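# Close look at the chain arrangement
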Amino acid sequence: MDIATLGELVMTGFRRLGFIRYAGIEGVEFAEGRNVVGMTPGPEHLNHNGDVHAAVLFGLAETAAMGAAVSGIAAHMGESFVVARDGRIEYLARAKGEAGPFVASAELPASTLETVRAEAAARRPVEFTVPVRITGRDDTAVATATFTAVIRPKRS
């Protein structure tokens, strides 16, 4: 499976999830080791201060991270199980609703991507960290996050 096909499959799968639809998360860019997603906040996404709710930003970051996690294993997607084990986010600035759209970018270092590919090909479980950066319309960083992705062979 080529990377463009995998990218479309990943976003099609994400769009089936209620939270992704609620949050309005859309794919922006998908490449090997990289996933970028975005969302334009509506009134339902804002807290009492008019900022994007922290949970929505966390979900945006997690979506970017898990997309990046699967991006390196296109040849092994059918036999792999991918999930976030944990995540941490640091809010750096207010994510004012009018400062959107917001974009979450996740990119794996080449060495991590190489390890993930090798372990998936060998059908061995692998855990790795995926860094994420969330920015507003003017490219101001509003949050950074890290997630631990887990890729394991599917059970038969």
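That block above? That's the structure.
A few points on the structure. (Residues numbered from 1 in each chain as written. Predicted model: local features only at pLDDT ≥ 70, side-chain atom pairs only at ≥ 80, totals over all residues. Heavy atoms only, no water.)

## Regarding the sheet that holds strand β4 (residues 102-107)
Each strand in a sheet pairs with its neighbour through backbone hydrogen bonds, running either in the same direction (parallel) or in the opposite one (antiparallel). Note the following rule: Two strands are counted as paired when DSSP detects at least two bridges linking them. By the criteria applied, helices consist of DSSP H or I runs no shorter than four residues and strands consist of E runs no shorter than two, each listed in order from the N terminus. Geometry is summarised by axes, namely lines fitted to C-alpha atoms with helices restricted to the contacting stretch, and by angles between N-to-C directions that run from 0 to 180 degrees. By definition in these notes, contact holds between two residues if any of their heavy atoms fall within 4.5 Å.
Pairing is antiparallel across the open sheet formed by six strands, whose spatial order is β1-β2-β4-β5-β6-β3. The open sheet has two free edges, formed respectively by β1 (26-31) and β3 (80-91), since each of these has just one partner strand. Each neighbouring strand pair of the sheet contributes to a mean axis angle of 20°, computed without reference to strand direction. In this sheet, strand β6 (residues 141-153) lies alongside strand β5 (residues 126-135) in antiparallel orientation, the contact comprising 10 bridges. What sits directly across from Arg-133, in β6, is Thr-144. Against the sheet, helix α1 (residues 3-15) engages β1 and β2 (34-39), with an angle of about 150° to β1.

## Observations regarding helix α4 (residues 110-121)
The line we're drawing: What a helix should span is 1.5 Å times the count of its residues minus one. The rule is simple: take the accessible area with a 1.4 Å probe, protein chains only, and divide by the maximum for that residue type; under 20% is buried, over 50% is exposed, in between is partly exposed. Each direction from the helix axis to a C-beta atom contributes to the arc, which is the arc of those directions.
Taking 1.5 Å of rise per residue, the 12 residues of α4 would be expected to cover 16 Å, and the 17 Å separating its terminal C-alpha atoms lies within 8% of that figure. Those residues of α4 lying buried are Thr-112, Leu-113, Val-116, Glu-119 and Ala-120. Each buried residue of α4 lies within a common arc of 135° when the element is viewed along its axis, so the set occupies one face. Exposed side chains of α4 directed beyond 90 degrees from the buried face belong to Ala-110, Ser-111 and Glu-114. Of the surrounding secondary structure, the elements contacted by the buried residues of α4 are α3 (54-71), β5 and β6. One or two residues past the end of α4 sits Arg-123, with phi positive at roughly 60°.

Take it as geometry only, folks, not as evidence of what the structure does.
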